[in-house]
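What follows is the residue order along each chain.
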Amino acid sequence: MPIAKIETRDRLIVGLDLPSVEAAEAMIARLGDSVTFYKIGYQLAYAGGLPLIRKLANAGKKVFADLKLHDIGNTVTKGVESIAKSGATFLTVHAYPQTMTAAVEGRGTSALRILGVTVLTSYNNADLQEAGYRLDVSALVETRARQAQAIGVDGLVCSGEEVTHLSKLVGSRLDLVVPGIRPAGSDAGDQKRVMTPGQAIKAGADYLVVARPVVAATDPKAAAEAIVTEIASALD
Ligand code: C5P
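Residues numbered from 1 in each chain as written. Predicted model: local features only at pLDDT ≥ 70, side-chain atom pairs only at ≥ 80, totals over all residues. Heavy atoms only, no water.

Caption draft 1: Here's a closer look at helix α4 (residues 73–84). Spanning 12 residues, α4 covers 16 Å between terminal C-alpha atoms, matching the ideal 16 Å at 1.5 Å per step. Considered for burial, the residues of α4 that qualify are V76, T77, V80, I83 and A84. Burial along α4 is one-sided: seen end-on, the buried residues are contained in an arc of 130 degrees. On the buried face of α4, the contacting elements are β3 (62–69), β4 (90–94), α5 (97–107) and β5 (113–117). (Helix = DSSP H or I, 4+ residues; strand = E, 2+ residues; numbered from the N terminus. Expected span 1.5 Å × (residues − 1). Buried < 20%, exposed > 50% of the residue type's maximum accessible area, 1.4 Å probe, protein only. Arc of directions from axis to C-beta. Contact = heavy atoms within 4.5 Å.)

Caption draft 2: Inspection of the packing of α5 against helix α7 (residues 137–151) at higher detail. Close contact between α5 and α7 brings their axes to 10 Å; oriented N to C, the two are set at 30 degrees. In terms of orientation, α5 lies roughly parallel with respect to α7. Our pair here, α5 against α7, has a crossing hand that is right-handed. Contacts between α5 and α7 involve P97, M100, T101 and V104 on the former and, on the latter, R144, Q147, A148 and I151. Split into classes, the residues belonging to the contact of α5 with α7 amount to 5 nonpolar, 2 polar and 1 charged. (Axes fitted to C-alpha atoms, helices over the stretch in contact; angles between N-to-C directions. Parallel < 35°, antiparallel > 145°, perpendicular 65-115°, else oblique. Left-handed = near helix turned anticlockwise from the far one by under 90°. Nonpolar A, V, L, I, M, F, W, Y, C, P; charged D, E, K, R; others polar.)

Caption draft 3: Representation of the pattern of salt bridges. Counted by the stated rule, this structure contains 8 salt bridges. Salt-bridge contacts for K39 lead to D66; the nearest nitrogen and oxygen are separated by 2.7 Å. Placement of K39 in strand β2 (residues 37–40) and of D66 in strand β3 is noted, with a sequence separation of 27 residues between them. The same class applies to K39 as to D66, namely buried. (Salt bridge = Lys/Arg side-chain N within 4 Å of Asp/Glu carboxyl O.)

Caption draft 4: Summary view of the packing of aromatic side chains. According to the stated counting rule, one finds 5 aromatic pairs in the structure shown. Ring centres of F90 and Y207 lie 5.1 Å apart, and the angle between their planes is 90 degrees; on these two criteria the pair is classed as edge-to-face. One end of the pair, F90, is in strand β4; the other, Y207, is in strand β8 (residues 207–210), and 117 residues separate them in sequence. Each of the two residues, F90 as well as Y207, counts as buried. Joined through ring pairs, the aromatic side chains of F37, F64, F90 and Y207 make up one cluster. Sitting over the face of the ring of F64, K39 holds its NZ or CZ atom 5.8 Å from the ring centroid. The positively charged end of R144 is found above the aromatic ring belonging to Y96, 4.5 Å away from the centroid. (Phe/Tyr/Trp six-rings, centres within 6.5 Å; stacked < 30°, edge-to-face > 60°. Lys NZ or Arg CZ within 6 Å of the ring centre and 35° of its normal.)

Caption draft 5: Structural context of the nonpolar core. Counting 65 residues, the largest nonpolar core has L16 and I40 as its most contacted members. Residues in contact with L16, not counting those within four places in the same chain, are A24, M27, I28, Y38, K39, I40, L44 and L56. (Core = buried A, V, L, I, M, F, W, Y, C linked by side-chain atoms within 4.5 Å.)

Caption draft 6: Representation of the site of the ligand within the structure. Surrounding the ligand, one finds D17, K39, T121, P179, R182, Q191, V209, V210, A211, R212 and P213. Contact distances for the ligand include 2.7 Å between an oxygen atom and a side-chain N or O atom of R182. Taking A211, its main chain carries an N or O atom lying 2.8 Å from an oxygen atom of the ligand. Contact with the protein chains covers 81% of the free accessible surface of the ligand, which is 460 Å². Listing elements by their share of the shell around the ligand, those giving two or more residues are β8 and α10 (212–215). A breakdown of the residues in the shell around the ligand according to their chemical character gives 5 nonpolar, 2 polar and 4 charged. (Near = heavy atom within 4 Å. Polar contact = N/O pair within 3.5 Å; in protein donor to acceptor, adjacent residues only side chain to side chain. Areas by Shrake-Rupley, 256 points an atom, 1.4 Å probe, with all protein chains shown as cover.)

Set out below in structure tokens:
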């Protein structure tokens, strides 16, 4: 179930999509109190960034471990048990029933919250068909969202396109975490379907994941503060 009251600033999750721990630590120092929630994904995790989860948690920050796990159940359960001890707040797993069930078992009663990745946003209907699926993207997203809720997963990562629908379908029970966010006027980069922070919050997003518009900004702290301000006014 979504955390009843989410602090406004905690709704902004800044992706530390940076090549080294040194670069990440420099960015964290620059952002200071403006950011309370960070995401560590493949790039930083595989560059020695996993210990940063504990370090950030000890410093009072929240961490989203975007590790997108998917393996046999026993391996997922044991992996999640380890990550639960790291102090992370969110962990992603691919939203296959076995994987989600195993992740929920590994989470146990810890504070870690499991997020299901329904269908990667780089997949379209043709990609799913090529991979052997008979459902199209929207049907598979909906099937997996229902399964996630039934299994007891805590939230979903979804695109801005899906958030309105998923908010109605499972939003009262699951945290909806939305990447692909671009403040008005900023560069979309390789994101094709973008939403502004205000649009995403109004559509039902609980958390926004933003990387480049903050970490590649000339003034990252000012960029983060502007997004928090926009979130606050969308919540009014
Ligand atoms: O730089 P940008 O704000 O586009 O980064 C978005 C972050 O969210 C990246 O870390 C990216 O991997 C992640 N993400 C995404 N789309 C998804 C899932 C995760 O952009 N569907």
